[in-house]
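One letter stands for each residue in the lines below.
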Amino acid sequence: MSTTILLIRHGETAWNAARRLQGHTDIDLNDEGMRQAEALGEALAGAPLAAVVSSDLRRARQTAAAVAGQHGLALQADCLLRERCYGAFEGMLYADIAERYPLEYAEWQARHIDAVMPAGERVAESFRQFYRRAVDGVERWAARYPGQTIAVVAHGGVLECAYRAAVGMSLDSPRDFQVKNASVNRFAFAAGKLTLTQWGDVEHLSAGAIDELG
């Protein structure tokens, strides 16, 4: 039986807006992110959800809570759904990373999938390590709810990994698709494989949709 997964990126944070790298750093949604979460919850109020799952980081849990609250479901959190850990890069602006760590930044931008950033408060992950963790996390939850629909709220990197797994995109190829805050991305999971059915739905975030929600 096929599981339907609504894979959602968390709402906006102040660090998103400033282009400051978050990783495992636990950042709250900003005011815009809270508005996005509310609009998302309203948009999914009629979805037949069997479960709402999120990364255990606050920005994801705050977004997921707006969905779970519409359905009277307990929010389930999972550290496998966290964003990639970027080590010493976390908390820095992208421009500052390029200046302070030029070689490591170049490897990152060149998509060297086994390269690891310098350690900071936490030890960084290579993209290959992160990909295996993120896809495993999504697929484990899908396997728990065969034939049902679940919402999974995670991070841009997790969504990127699921996209690559579903369409067979190599890990070292450039990302040629957007991953928008509070976007709904629909996947099917059956026979141990993810399939992409819709990408980047942000219709619920349009000015008109938000105005209608008050």
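Everything below is about the structure shown above.
The shown structure was predicted, so the numbers you read here are calculated from the model rather than taken from an experiment.

**What about the nonpolar core?**
Nonpolar side chains in soluble globular proteins tend to be buried together. Counting 32 residues, the largest nonpolar core has Ile5, Leu7 and Leu194 as its most contacted members. Every element with two or more residues in this core is listed here: strand 1 (3-9), strand 2 (49-55), helix 6 (127-144), strand 4 (149-154), helix 7 (156-167) and strand 5 (184-190). Among the elements that make up this core, the one with the highest residue count is helix 6 (eight residues). Look past the residues within four positions of Ile5 in its chain and what remains in contact with it is Val138, Ala142, Ile150, Val152, Asn185, Arg186, Phe187, Phe189 and Leu194.

**As for the sheet that holds strand 1**
With respect to topology, six strands assemble into an open sheet ordered 3-2-4-1-5-6, the strand pairing being mixed. With one partner strand each, in any of the chains shown, strand 3 (75-78) and strand 6 (193-201) form the two edges of the open sheet. Along the sheet, successive strands turn relative to each other by an average axial angle of 25 degrees, direction set aside. Taken together, the six bridges between strand 1 and strand 5 define a ladder with antiparallel strand orientation. Each bridged residue has a counterpart across the sheet, and for Thr4 the counterpart in strand 5 is Ala188. Sheet strands in contact with helix 7 are strand 1, strand 4, strand 5 and strand 6, and its direction is about 125 degrees off that of strand 6.

**What to know about the packing of aromatic side chains**
A complete count under the given rule lists 10 aromatic pairs for this structure. A ring pair is formed by Tyr105 and Trp108, whose centres lie 5.7 Å apart and whose planes are at 85 degrees; its orientation type is edge-to-face. Taken together, the positions of Tyr105 and Trp108, both in helix 5 (residues 102-109) and three residues apart, correspond to about one turn of that helix. Owing to a relative accessible area of 15%, Trp108 belongs among the buried residues under this scheme. With a centroid separation of 3.8 Å and 20 degrees between ring planes, the pair formed by Tyr163 and Phe177 is classed as stacked. Highlighted residues: Tyr163 in helix 7 and Phe177 in the loop between helix 7 and strand 5, separated in sequence by 14 residues.

**What to know about the layout of surface pockets**
What the largest pocket holds in volume is close to 860 Å³. Along the walls of the largest pocket sit 36 residues, with Leu21, Tyr86, Tyr94, Trp108 and Arg175 positioned nearest its centre. Counting residues per element, the ones that place at least two in the lining of the largest pocket are helix 1 (14-18), helix 5, helix 6 and helix 7. Among the elements that make up the lining of the largest pocket, the one with the highest residue count is helix 5 (five residues).

**Structural notes on helix 6**
Here helix 6 spans 26 Å end to end across 18 residues, near enough to the 26 Å set by a 1.5 Å rise per residue. Residues Phe127, Phe130, Tyr131, Arg133, Ala134, Val135, Gly137, Val138, Trp141 and Ala142 constitute the buried set of helix 6.

**Regarding the pattern of salt bridges**
Evaluated as defined, the whole model comprises 13 salt bridges. Here the salt bridges do not stand alone but share partners, grouping Arg111, Glu160, Arg164 and Arg175 into one network.

**A few points about the packing of helix 2 (residues 31-43) against helix 3 (residues 58-71)**
Closest axis-to-axis distance for the helix 2/helix 3 pair is 8 Å, and the angle between their directions is 30 degrees. Between helix 2 and helix 3, the crossing angle belongs to the class labelled roughly parallel. For the element pair helix 2 and helix 3, the recorded crossing hand is right-handed. Of the residues in helix 3, those in contact with Ala37, Glu38, Leu40, Gly41 and Glu42 of helix 2 are Gln62, Thr63, Ala66, Val67 and Gln70. In the contact of helix 2 with helix 3, the residues fall into four nonpolar, four polar and two charged.

Cut-offs used in this document
- Residues numbered from 1 in each chain as written.
- Predicted model: local features only at pLDDT ≥ 70, side-chain atom pairs only at ≥ 80, totals over all residues.
- Heavy atoms only, no water.
- Core = buried A, V, L, I, M, F, W, Y, C linked by side-chain atoms within 4.5 Å.
- Buried < 20%, exposed > 50% of the residue type's maximum accessible area, 1.4 Å probe, protein only.
- Helix = DSSP H or I, 4+ residues; strand = E, 2+ residues; numbered from the N terminus.
- Contact = heavy atoms within 4.5 Å.
- Pairing = 2+ DSSP bridges.
- Axes fitted to C-alpha atoms, helices over the stretch in contact; angles between N-to-C directions.
- Phe/Tyr/Trp six-rings, centres within 6.5 Å; stacked < 30°, edge-to-face > 60°.
- 1 Å grid on protein atoms, 1.4 Å probe; cavity = no way out; pocket = protein on both sides within 12 Å on 5 of 7 lines; lining within 4 Å.
- Points joined across faces, edges and corners; volume = space filled by probe spheres on them.
- Expected span 1.5 Å × (residues − 1).
- Salt bridge = Lys/Arg side-chain N within 4 Å of Asp/Glu carboxyl O.
- Parallel < 35°, antiparallel > 145°, perpendicular 65-115°, else oblique.
- Left-handed = near helix turned anticlockwise from the far one by under 90°.
- Nonpolar A, V, L, I, M, F, W, Y, C, P; charged D, E, K, R; others polar.

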